[in-house]
Amino acid sequence: MAELKLKKRGMTVPEKKGNVYFCCHPEDVSAYLEPTANEILETENCALWYAGEAVPRDAAFFAALKQMQLFVMPVTGKLLTTENPALDAEFRFAQENHIPVLPLLQERGLDGLFSRKCGDLQYLDRFQGDATGISYGEKLRNYLDTVLELPWNTKTKERVDVAAARKILDNDHFGMEKVKERILEILAVRQLAPEMPP
């Protein structure tokens, strides 16, 4: 994949696994690549890709990033306060292409600055507990399991049949008449104008 480097668990074949892209501030790579990769690969049998030094952020690079199911981004003060390709290019690319991003806060007290820079994106903070009592490791495992199990690159042929949809909605969903009517209206428009984007 372009000039990306790969970390994986054992002798697994990367084409058969979920693709995760690791991005961080270039000066943070030595501190966070190995521990983050180990943490993810212990939890999930996936392919973890990362950019080596001086990899050009060109069309081939971004074409490779489009193959990712998840971006994992260790968040440090340096990432949030200096210009860098991880936040300025890669994170923005993931957002624009609707690729999930999992920020991992690596320093205490970054939540406010992170929210100002990245909006209301959810993150994992190993230093802060919450009311649920769920551990950081369990949250990471649940998130990875969910995101990497979704069929991101699988497409199915759209089937637009208003009568069949009405039957399914009436059989499976009691009440909610306004919601069901709105769904049927959308399907009717799709049936009349299939070339319109969904």
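Preceding block: the structure.
The shown structure was predicted, so the numbers you read here are calculated from the model rather than taken from an experiment.

Engineer: So what exactly am I meant to see when it comes to the overall build of the protein chain here?
Structural biologist: Along the backbone of the protein chain there are eight helices and six strands. When the helices and strands of the protein chain are listed from N to C terminus, the series reads β-β-α-β-α-β-α-α-β-α-β-α-α-α. Relative to the compact-globule value of 16 Å for 198 residues, the protein chain shows a C-alpha radius of gyration of 21 Å, a clear excess of over 25%. Dimensions along the principal axes, computed over C-alpha positions, put the protein chain at roughly 60 × 45 × 35 Å. Buried positions account for 39% of the 198 residues belonging to the protein chain. Summing over all exposed atoms, the protein chain offers an accessible surface of approximately 12100 Å²; the carbon and sulfur share of this is 53%.

Engineer: Is there a simple way to explain the packing of aromatic side chains in this structure?
Structural biologist: The relation between two aromatic rings is expressed through the spacing of the ring centres and the mutual angle of the planes. For the coordinates displayed, the defined rule picks out five aromatic pairs. For the pair Phe61 and Phe62, a centre-to-centre distance of 5.1 Å together with 80° between the ring planes defines the contact as edge-to-face. In this structure Phe61 comes out as buried when scored by relative accessible area, which is 1%. The class for Phe62 is buried, based on a relative accessible area of 18%. What links up through ring pairs into an aromatic cluster is the set Tyr21, Phe61, Phe62, Phe71 and Phe93. Sitting above the plane of the Phe61 ring, Arg57 keeps its charged end 4.8 Å from the centroid.

Conventions adopted
Starting afresh in each chain, residues are numbered from 1 along the sequence in its written order. Residue-level local features of this predicted model are given only where pLDDT is at least 70; pairs of side-chain atoms are given and counted only at 80 or more, and the full residue set underlies all totals for whole chains, interfaces and linings. Water and hydrogen atoms play no part in the side-chain values, which are based on all heavy atoms of the structure. Only DSSP runs of H or I reaching four residues or more are called helices, and only runs of E reaching two or more are called strands; each is numbered from the N terminus. Radius of gyration means the value over C-alpha atoms here, while the globule rule gives 2.2 Å times the residue count to the 0.38 power. When a residue's accessible area, from a 1.4 Å probe over protein chains only, is under 20% of the maximum for its type it is buried; when over 50% it is exposed; and in between it is partly exposed. Every accessible area reported is derived by Shrake-Rupley at a probe size of 1.4 Å, with residue values counting cover from the shown protein chains alone. Two rings belonging to Phe, Tyr or Trp (six-membered ring only in the last case) form a pair when the distance between their centres is within 6.5 Å. Interplanar angles under 30 degrees mark stacking, angles over 60 mark edge-to-face geometry, and anything in between is tilted. Whether a charge lies above a ring is judged from NZ of Lys or CZ of Arg, which has to be within 6 Å of the ring centre and within 35 degrees of the ring normal.

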